[in-house]
Structure formats: C-alpha cells, structure tokens
Amino acid sequence: MTSKEKWASLAPRVSTALVLALISLGLIWWGRLPFFAEVVVLALAGSCEIFDLLERQRLRPLRRSGTLATLLLLLAAWTTGLSGLAHATLLSLLVILMLCVLRSGVRCSVTLDGAVTVLAVMYIGWLFGFLILLRGLPHGAAWISLLVSLSAMTDTGAYFVGRIFGRHPLWPALSPKKTLEGPLGGLILPAALGYVLVPYLGLDPFHGICMGVGVSLVGQLGDLWESALKREVGVKDAGEFLGSHGGVLDRFDSLAFAAPFFYLYLTYVLM
C-alpha cells in the first residue's frame, strides 16, 4: 500500500471515530444512568474479547463467573462508589478462587485458571469501574469529557507524529510499527490540551499539564500491554465490536488504564 493509499484509508476510520465520540459525549452528558449503560455494554464486549484471547492460549478461565464478577464491580462502583468497588473486588476474588478449587477436575490448572480469570476481571471490571466513579464526582461529566479528550490526543499525537517523523523503533519485538517519536507526540498534545482546557474548570494550567502527561504515560502503558497480549496470542485486533476500529480493548485500552490515575489525581491532589 502506497503512502497516499494509507492516508486515504484513514478517512472512514476518522469518520467512524467522530461518530462514536459524539455518541459517547451525548451519553456522558445525558446522565449517570445512560453513561453507566454505555460502560456496561463496552465492558461486556471487552470481557468477551479478553476471554477469547485467553482461550486461544489454551487457558480455561471461568468465563461466566468472570463476566458476572465484572458486572458486580461496575454495579458496585455505580451504587456505592469507591468503597463498594473495593468490597466487590474482594468478594469476587474470593469467590473466583473458591470456584477454581471446586471445579479443579474440569479446569486446565487451578493456579492458571484462577489467575487469568482474576486478571480479566481486574482489567475490565476494576479499570472500567473508575470511569463510573469519575462520572459520579461533582462535575463528573466535565471530568470524563476532559479525560476522553486527553486520551484521544494521546492516541492522535502518537499516531501522526510516529507516522510522519518516526524513524527509530520503540520496541520491535512487541510492536514493530511503533517508534520512539510517536510516544513523544503522544505526550506533547495532551499536555498542551490540558494547559488550555483546565483554566475553564477553575484550575491552574500547571495541573492541566500534569494531568495531560499522566494520562498520556499511563495510557500508552495500557496500549503497550494490550499490544503484548495480542502479539502473544498472534492476532491483529482483540475483536470486531467496533468494525474497522477493532474491538473494545483496541480502542479503550489507553482510556481504561488512564481512568484510575485521573480519578486519584482528582480526589487526592485537587479535592
């Protein structure tokens, strides 16, 4: 594919991304319940994707129990906040480990099956739970919108700077197409956006820079982790839930990793 064809192929992807962004923003500002419903749908799709990836590696996670535990974590975050999420996480961990022992006769390995099931629940239920916690904060819709914007700028900066200026491979064994220049672009754009936007929320621009850089660093870590998972399994995309954009894990890995950082920054540094 020529360079011109590559850029032309971006048009449908960009248009799809804009439509998805508008729908998400509408649900974010509509209310807590519509946003909760959106997160649940994405979490269910993400759970299916990660369980599919794990089963490709001949592991046998407790798929139904893990999905129910994920829903429990999200519901607890929505109804009772951070303490509810913590209690639901502890309960889910204990129940999953107990079920692994009880079903050891039909499992691949008590240790491996329990570990990967807990991994899936924490990756989807716990991380996505912080999105719900953010929406429950005062001015939660504005905070979620800022997080989504910073995360989008991270992906945009890393992609375009890497494509235009990328010369030095970042980690060939993990993600051959990523370059060192890409992550730098992924740092600059969200930092600049944070600097510009946070004064409208009554904050010092310095906090905008810190939030932009933090979201970028943690988000890019999430992207690398998901790339490592897919490369280990040998697939290009985690799923097809979003059509040409791949699966939920492909598009929301950075946002999911960044959500806990963003929540903790808001609650421990600013509030």
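Residues take numbers from 1 onward in each chain, read along the sequence in its written order. Restriction of local features to residues with pLDDT of at least 70 applies here, the model being predicted, together with a cutoff of 80 or more for giving and counting side-chain atom pairs; totals for whole chains, interfaces and linings are based on all residues. Only hydrogens and water are set aside; all other atoms, that is, all heavy atoms of the structure, feed into the side-chain values.

Asks: Quick one: what's the story with the nonpolar core, residue by residue and with numbers?
Replies: The nonpolar side chains of a soluble globular protein tend to be buried, and buried together. Residues enter a nonpolar core if they are buried and are Ala, Val, Leu, Ile, Met, Phe, Trp, Tyr or Cys, with the set joined through side-chain atoms within 4.5 Å. Buried means the residue's accessible area, taken with a 1.4 Å probe over protein chains only, is under 20% of the maximum for its type, while exposed means over 50%, and partly exposed covers the values in between. Counting 61 residues, the largest nonpolar core has F128, L134, L147, M211 and F262 as its most contacted members. At the level of secondary structure, the elements contributing two or more residues to this core comprise α3 (32-56), α4 (63-102), α5 (110-135), α6 (140-165), α8 (205-233) and α9 (248-270). In terms of residue count, the dominant contributor to this core is α5 (twelve residues). Sequence-distant contacts of F128, defined by excluding residues within four places in its chain, comprise V39, L42, A43, L74, Y123, V248, F252 and A256. A run of H or I in DSSP becomes a helix once it reaches four residues, and a run of E becomes a strand once it reaches two; helices and strands are each numbered from the N terminus. Should any heavy atoms of two residues lie within 4.5 Å, those residues are considered in contact.

Asks: Account for helix α7 (residues 181-197), naming residues and giving values.
Replies: Given a rise of 1.5 Å per residue, 17 residues ought to cover 24 Å, and the 25 Å separating the end C-alpha atoms of α7 matches this to within 8%. Looking only at α7, the buried set comprises E181, G182, G185, G186, P190, A191 and G194. Expected span, for any helix, means 1.5 Å times one less than how many residues it has.

Asks: Kindly report on the pattern of salt bridges, identifying the contributing residues and their values.
Replies: The salt bridge definition used is simple: a Lys or Arg side-chain nitrogen within 4 Å of an Asp or Glu carboxyl oxygen. Evaluated as defined, the whole model comprises four salt bridges. Between D52 and R63 there is a salt bridge, with the nearest N and O atoms lying 2.8 Å from each other. Residue D52 is located in helix α3, and its partner R63 is located in helix α4; the two are separated by eleven residues in the primary sequence. Residue D52 is classed as partly exposed on the basis of its relative accessible area, which comes to 36%. On the basis of relative accessible area, R63 is assigned to the partly exposed category, the value being 25%. Between K230 and D250 there is a salt bridge whose closest N-O contact spans 2.8 Å. Residue K230 is found in helix α8, and its partner D250 is found in helix α9; the two are separated by 20 residues along the sequence. Shared partners join several salt bridges into a network, and the residues in it are D52, E55 and R63.

Asks: Pulling in residues and values, what's your account of the packing of α5 against α9?
Replies: Here an angle of 0 to 180 degrees is reported between the N-to-C directions of two axes, which are lines fitted to C-alpha atoms, with helices fitted over the stretch in contact. With their axes 8 Å apart at the nearest point, α5 and α9 run at an angle of 55° to one another. Between α5 and α9, the crossing angle belongs to the class labelled oblique. Where α5 crosses over α9, the handedness of that crossing is left-handed. Judged by residue contacts, Y123, I124, W126, L127, F128, F130, L131, L133 and L134 of α5 engage V248, L249, F252, D253, L255, A256, F257, A259, P260, F262, Y263 and L266 from α9. Oblique is the label for any angle not covered by the other classes, which are roughly parallel (under 35 degrees), roughly antiparallel (over 145) and roughly perpendicular (65 to 115). Two helices that cross are described as forming a left-handed crossing if the nearer one is turned anticlockwise from the farther one by less than a right angle, and a right-handed crossing if clockwise.

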